[in-house]
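If you want the building blocks of each chain, they are given just below.
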There are 2 protein chains.
Amino acid sequence: MRLLEERIRSDGIVREGGVLKVDSFLNHQMDVALFREMAREWKRLYAGCPVNKILTIEASGIGIACITAEEFGCPVVFAKKTETKNIAGDVYRTKVESFTHGKTYDVIVSRAFLGPQDKVLLIDDFLANGAALLGLIDLVRESGAELVGAGIAVEKAFQPGGDRVRAMGVRVESLARVSSMSVEHGVTFCP
Amino acid sequence: MRLLEERIRSDGIVREGGVLKVDSFLNHQMDVALFREMAREWKRLYAGCPVNKILTIEASGIGIACITAEEFGCPVVFAKKTETKNIAGDVYRTKVESFTHGKTYDVIVSRAFLGPQDKVLLIDDFLANGAALLGLIDLVRESGAELVGAGIAVEKAFQPGGDRVRAMGVRVESLARVSSMSVEHGVTFCP
């Protein structure tokens, strides 16, 4: 998606250690007009797919997911990260390793809000190693819902997450696919 | 706001210990069509106020804030909860005690995204003791931005947060103000 690629080129910042900072418009400050265009693009890509629920993971996926849900006319459910071992209530549960924060979270979704009647589109801001997305896929499978696919804002295509998820047969639509990046030369996108 | 009150009456669940669960539509599963109506109501209430930034706190405020930001034509910034003591970078910082989780978080906002040029509307899902809202007010004051007011979805008016914040001269527009609640009799709203 040219609009998002251009925005990454102009406002994204590459840091040492493979860090792409897009926090001026995507995941700390949030440009909701850009989110609306991204949402319309996912709606176009998934036209005809009977999505009735959007699943994301807190925190930075939530805003993008909510704007996207309006396009699909469905609710959002966000998976909650928790370090608590004993949560009361009836939840689906998986583990997600955060490379950014160097820890593993339990991630939960209430059984009340995801089940075999649901056709789920996953939405998240980033796909790199795939840990968060694989966790969400786990939760969907556990629930018996149908997985329609995933919508990702920025995929680091040089990391293994996207390949891994696609190899499982899951459709992944990333709006900007970064093929390489460096502090010196900035960001290059997949053609 | 009658629509939100009716939804709380029909789908909210009162639990022992003063807990009002609205997670089927507000803060786990999110009804974005309801959020749009709430956003329009805040836009009506704050008509003529020159809001150019919406500030919220992760996680459950983010969705409501993003939908609301579209009404105001401005970006969202969300304050991040962190237990990390040494965060690199230039941030405003305050402390917020979570009564729900029984711990105190450092809450941060990058200095790049909030400053004296900003006229800020705070958005959050709940106001009870006021801890989160007071934290956000702190961050706005530290930044030198102008605080226009706050938009709250559900205020527990029998807890001290709302009075405390209004006594500081901050305008607070809560769309549903719960005057009392009990497992036996459900929820009553302020007239």
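Above this text sits the structure in question.
Trainee: Talk me through the packing of helix 1 (residues 2-11) of chain A against helix 2 (residues 32-45) of chain A; I want residue IDs and the actual numbers.
Mentor: All names here are of chain A. As a packed pair, helix 1 and helix 2 sit with axes 10 Å apart at the nearest point and diverge in direction by 145 degrees. Across from Leu3, Leu4 and Arg7 in helix 1, the residues of helix 2 making contact are Leu34, Glu37 and Met38. Looking at the contact of helix 1 with helix 2, its residues break down into four nonpolar, no polar and two charged.

Trainee: Go over the packing of aromatic side chains with me, naming the residues and quoting the values.
Mentor: Summed over all chains, the structure comprises zero aromatic pairs over all chains. Residue placement shows Arg171(A) over the ring face of Tyr46(A); its charged tip is 4.2 Å from the ring centre.

Trainee: Go over the relation of the copies chain B and chain A, please, and point to the residues and values.
Mentor: At an RMSD of 0.0 Å, chain B and chain A line up after a rotation of 180 degrees and a shift of 0.0 Å along the axis. Both copies are brought into coincidence by an operation consistent with a two-fold rotation axis.

Trainee: If you had to explain helix 2 of chain A to someone new, which residues and values would you point to?
Mentor: The end-to-end C-alpha distance of helix 2 of chain A, which contains 14 residues, comes to 20 Å, matching closely the 20 Å that a straight helix rising 1.5 Å per residue would cover. A distance of 3.1 Å separates the backbone nitrogen of Ala33(A) from a side-chain oxygen at the start of helix 2 of chain A, and that oxygen is part of Asp31(A).

Trainee: Lay out the environment of Lys21(B) in plain terms, naming residues and giving numbers.
Mentor: All names here are of chain B. You can see Lys21 is positioned in strand 2 (residues 19-21). Between the alpha carbons of Lys21 and Ile8 there is a distance of 9.0 Å; along the sequence they are 13 residues apart. Residues in contact with Lys21, not counting those within four places in the same chain, are Asp11, Gly12, Ile13 and Arg15. At 3.0 Å, the side chain of Lys21 and the side chain of Asp23 are in polar contact.

Trainee: Go over the interface of chain B and chain A, please, and point to the residues and values.
Mentor: Interfaces are often sized by the amount of accessible area the parts lose when they come together. In this assembly, 30 residues from chain B lie in contact with 30 residues from chain A. Each partner contributes to the roughly 2,400 Å² buried at the junction of chain B and chain A, and carbon and sulfur atoms together form 65% of this total. On the chain B side of the interface with chain A, the three residues burying the most area are His28(B), Gln29(B) and Phe113(B), jointly 27% of the side's total. Linking chain B with chain A are two salt bridges, by the criterion used here. Note that Arg36(B) is salt-bridged to Glu70(A), the shortest N-O span being 2.6 Å. Put simply, chain B and chain A have 10 residue pairs in polar contact (both at pLDDT 80 or more) between them. Contributing elements (two or more residues each) for the side of chain B that touches chain A: strand 3 (29-30), helix 2 (32-45), helix 3 (61-72), strand 5 (76-82) and strand 7 (103-110) of chain B.

Conventions and cut-offs
Residues numbered from 1 in each chain as written. Chains lettered and ligands numbered in written order. Predicted model: local features only at pLDDT ≥ 70, side-chain atom pairs only at ≥ 80, totals over all residues. Heavy atoms only, no water. Axes fitted to C-alpha atoms, helices over the stretch in contact; angles between N-to-C directions. Helix = DSSP H or I, 4+ residues; strand = E, 2+ residues; numbered from the N terminus. Contact = heavy atoms within 4.5 Å. Nonpolar A, V, L, I, M, F, W, Y, C, P; charged D, E, K, R; others polar. Phe/Tyr/Trp six-rings, centres within 6.5 Å; stacked < 30°, edge-to-face > 60°. Lys NZ or Arg CZ within 6 Å of the ring centre and 35° of its normal. Least-squares fit on C-alpha atoms with pLDDT ≥ 70 in both. Expected span 1.5 Å × (residues − 1). Polar contact = N/O pair within 3.5 Å; in protein donor to acceptor, adjacent residues only side chain to side chain. Buried area = accessible area lost by both parts, 1.4 Å probe. Salt bridge = Lys/Arg side-chain N within 4 Å of Asp/Glu carboxyl O.

Function cannot be inferred from these measures alone, as they are strictly geometric.
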